[in-house]
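Chain by chain, the residues:
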Amino acid sequence: MTIDLRGIGDAVRTAAAGRGQTVAAFARQALVASTGPQALAIERLDLPASSSRSVAKLHLRMDEREAEVLILKARALGLSYGEYVGRLVTGTPLPAPVAQRDADRTALRRSCDQLAALAGDINALIRLIRLAKGAEAARQFGDRMRGLEADVRQHIDLASRLVAHPEDQS
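Residues numbered from 1 in each chain as written. Predicted model: local features only at pLDDT ≥ 70, side-chain atom pairs only at ≥ 80, totals over all residues. Heavy atoms only, no water.

**Observations concerning the packing of helix α3 (residues 64-77) against helix α4 (residues 81-90)**
Moving on, step 1. Running from amino to carboxyl end, α3 crosses α4 at an angle of 95°, the nearest separation of the two axes being 9 Å. Taken together, the axes of α3 and α4 lie roughly perpendicular to each other. Each of Leu 70, Ile 71, Lys 73, Ala 74, Arg 75 and Leu 77 in α3 lies in contact with α4, whose residues at this interface are Tyr 81, Tyr 84 and Val 85.
Moving on, step 2. Residues of the contact of α3 with α4, tallied by class, amount to seven nonpolar, no polar and two charged. (Axes fitted to C-alpha atoms, helices over the stretch in contact; angles between N-to-C directions. Helix = DSSP H or I, 4+ residues; strand = E, 2+ residues; numbered from the N terminus. Parallel < 35°, antiparallel > 145°, perpendicular 65-115°, else oblique. Contact = heavy atoms within 4.5 Å. Nonpolar A, V, L, I, M, F, W, Y, C, P; charged D, E, K, R; others polar.)

Here's what the structure looks like:
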């Protein structure tokens, strides 16, 4: 679309520059203001979850600092710039930062290793109790067994958090 500004071209360019906008952005803002709130009524896109979604190329003009922030945030989340902006536009939840997901996986692996060792100790305790004539041998494991419930609960809480949000696991 082309708009003939006639004799107001210089004034429009000056006003747009004064706001740090292009003439097109300034004109859009004026048009939205004059058409009222119905111009801003945007429905959320409910796109089907299909692997055959088409991709469109989009060029954005934005402040250089904002572009740097977009790049840093997309990288921190492990997303492409387009996927990051697309999720913001559609209101799709963003995943946890890559560093947090990696830390959670590391903590889960460590927790699983600890529970595996604990399971071995429990089996050894059971064998000792069966073989021992007294309870003295079983007491050697007492300190280690006291934290069993806390260790298992901590593992379950962490594993539940990771399993409950599989979209954050990418």
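Still more to cover.
**Concerning the side chain of Ser 111**
Moving on, step 1. Relative to the elements of secondary structure, Ser 111 occurs in helix α5 (residues 98-131).
Moving on, step 2. Overall, Ser 111 belongs to the buried group, its relative accessible area being 9%.
Moving on, step 3. For Ser 111, the side chain forms a polar contact with the side chain of His 155, separated by 2.7 Å. (Buried < 20%, exposed > 50% of the residue type's maximum accessible area, 1.4 Å probe, protein only. Polar contact = N/O pair within 3.5 Å; in protein donor to acceptor, adjacent residues only side chain to side chain.)

**Thoughts on the nonpolar core**
Moving on, step 1. One finds Leu 70, Ala 74, Leu 77, Leu 79, Tyr 84 and Val 85 forming the largest nonpolar core, which totals six residues.
Moving on, step 2. Looking at this core, the elements that each hand over two or more residues are α3 and α4.
Moving on, step 3. It is α3 that provides the largest number of residues to this core, a total of three residues.
Moving on, step 4. Among all residues touching Tyr 84, those that are not within four sequence positions of it are Leu 70, Lys 73, Ala 74, Leu 77, Leu 79 and Leu 94. (Core = buried A, V, L, I, M, F, W, Y, C linked by side-chain atoms within 4.5 Å.)

**Points about the pattern of salt bridges**
Moving on, step 1. Using the criterion set out here, one finds five salt bridges in the structure.
Moving on, step 2. The residue Asp 4 makes a salt bridge to Arg 6 at a minimum N-O spacing of 3.6 Å. Each member of the pair, Asp 4 as well as Arg 6, carries the same accessibility label: exposed.
Moving on, step 3. Where Asp 102 meets Arg 105, a salt bridge forms, and the shortest distance between an N and an O atom there is 3.3 Å. One end of the pair, Asp 102, and the other, Arg 105, are both in helix α5, three residues apart, so they sit about a helical turn from each other. (Salt bridge = Lys/Arg side-chain N within 4 Å of Asp/Glu carboxyl O.)

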